[in-house]
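# Chains, contacts and geometry: an overview
Here is what each chain is made of, one letter per residue.
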Amino acid sequence: VVTRDDVEESLKGVCQYVKDEEQLLKDLQTQIEETEQRFSVKQAERDYWLEYKNVGGKIQANKIMNLEKDIKQVKDDHHRATEYYRNALKATKEENDRLVEMHMKLCKEQAPENAIRYLDKNSRREIKENEWLKEEVKVYQKEVSDLKASIQLLEEENISLVAKLIDSRLQNLRL
């Protein structure tokens, strides 16, 4: 039996962990927005230089190419960062699920021990006697299986001896 306090404490721990994960998600969203803002700035800069190029700025063509490379690099970085954060979020969720599952398993394992602590002496004694009886049953079952194996061997030996006796009597009758 798990007490209400145990359940509340467990739920508080899980809630705190979920809040921490939500804060991490907000941080990741902020970083994505900052990257998108940088992307917008670079895009505007690119547009400006493309207009300059079309007007006749052959001298600045090299700068435009470099800025386009920068834009491509920012896009690639944005894509990689998005993938990284998506994978990090997925891994964090899986870790969270694993930790919750492990915590629940631990609580289930500790529940009988906690319940036994709150029982009276007679109930605890009955539980101990029940455990002792289970052990005794195992011992007796092993003895029974050993005895069955011995009986099997003795029966086979008996059948062999009876067969020999019958064979010897048949030979005596022939003589």
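Residues numbered from 1 in each chain as written. Predicted model: local features only at pLDDT ≥ 70, side-chain atom pairs only at ≥ 80, totals over all residues. Heavy atoms only, no water.

You'll find the protein chain entered in an unreviewed UniProt entry as CCD83 protein, with Dromas ardeola given as the organism.

### Overview of the overall build of the protein chain
Let me state the cut-off plainly: Under the scheme used here, helices are H or I runs from DSSP no shorter than 4 residues and strands are E runs no shorter than 2 residues, and both carry numbers assigned from the N terminus. Radius of gyration here uses only the C-alpha atoms, and the compact-globule reference equals 2.2 Å multiplied by the residue count raised to the power 0.38. Three labels apply to residues, based on accessible area from a 1.4 Å probe with only protein chains included: buried if under 20% of the type maximum, exposed if over 50%, partly exposed otherwise in between. Charged-residue counts in this description rest on Lys and Arg as positive and Asp and Glu as negative, His and the chain ends being excluded. Taken as the charge centre is NZ of Lys, CZ of Arg, CG of Asp or CD of Glu, depending on the residue.
The helix and strand inventory of the protein chain stands at 3 helices and 0 strands. Beginning at the N terminus, the succession of helices and strands in the protein chain can be written as α-α-α. Against the compact-globule benchmark of 16 Å for 175 residues, the protein chain has a radius of gyration of 40 Å, which places it well outside the compact range. Projecting the C-alpha coordinates of the protein chain onto the three principal axes gives extents of approximately 130 × 65 × 10 Å. Scored against the burial criterion, the 175 residues of the protein chain give a buried share of 10%. Placing the 32 positive and 37 negative side-chain charges of the protein chain at their respective mean positions leaves the two points 4 Å apart.

### Here's the deal with the pattern of salt bridges
Between side chains of opposite charge, a pair can form as their charged atoms come close. For clarity, the threshold we go by: Whenever Lys or Arg places a side-chain nitrogen within 4 Å of a carboxyl oxygen from Asp or Glu, that contact is recorded as a salt bridge.
Enumeration according to the criterion identifies 9 salt bridges in this entry. Notably, a salt bridge pairs E83 with R86, separated by 2.7 Å at the nearest N-O pair. Within this pair, E83 and its partner R86 are both found in helix α2 (residues 61-117), separated by 3 residues, close to a single helical turn. Close ionic contact of E135 with K138 constitutes a salt bridge, the shortest N to O distance being 3.9 Å. With E135 and K138 both in helix α3 (residues 121-174) and 3 residues apart, the pair spans about one turn of that helix. A residue is classified by how much of its surface remains accessible, and E135, at 46% relative accessible area, is partly exposed. Look at K138 and you get exposed, because its relative accessible area is 51%.

### A few points about the UniProt feature "coiled-coil region" (unreviewed entry) in the protein chain
This is how the line gets drawn: UniProt positions are given in the numbering used here, feature names are shortened, and annotations may be inferred rather than shown by experiment.
In the numbering used here, UniProt assigns the "coiled-coil region" (unreviewed entry) feature to residues 18-45 and 130-164. Helix makes up 100% of residues 18-45 and strand makes up 0%, while its end C-alpha atoms are separated by 41 Å.

### Let's talk about the packing of aromatic side chains
Note the cut-off: For Phe, Tyr and Trp, where Trp contributes only its six-membered ring, two rings pair if their centres lie within 6.5 Å, and the inter-plane angle classes them as stacked under 30 degrees, edge-to-face over 60, or tilted in between.
On inspection of all chains with the given rule, the structure shows 1 aromatic pair. Considering the side-chain rings of Y84 and Y85, the 5.3 Å spacing of their centres and the 65° angle between planes classify their relative orientation as edge-to-face.

### Observations concerning the confidence of the model for the protein chain
Applicable threshold: The predictor rates its confidence in each residue with pLDDT, a number between 0 and 100.
Counting all residues, the mean pLDDT for the protein chain is 89, and 97% of those residues have values of 70 or more. α3 holds the highest mean pLDDT among the elements of the protein chain, 92, whereas α2 holds the lowest, 88.

### A closer look at the state of the cysteines
Test applied: Here, the term disulfide refers to a pair of cysteine sulfur atoms separated by no more than 2.5 Å.
Throughout the structure, instances matching the rule amount to 0 disulfides. Here C15 stays unpaired: no disulfide links it, and the sulfur of C107, its closest cysteine neighbor, is 14 Å away. By relative accessible area, C15 is classed as partly exposed at 45%.

### Thoughts on the side chain of T92
Relative to the helices and strands, T92 resides in helix α2. Taking relative accessible area as the criterion, T92 reaches 17% and is therefore assigned buried.

### Notes on α2
In plain terms, the rule: An expected span of 1.5 Å times one less than the residue number is assigned to each helix. Bend is computed residue by residue as the angle between axes fitted to the seven residues ending at the residue and the seven residues starting at it.
The end-to-end C-alpha separation of α2 is 81 Å, in line with the 84 Å expected for 57 residues at 1.5 Å each. Largest kink in α2: about 35°, centred on Q110, with the proline P112 one to four residues after it. If you check which residues of α2 are buried, you get I64, L67, I71, V74, T82, T92, N96, A111, N114 and A115.

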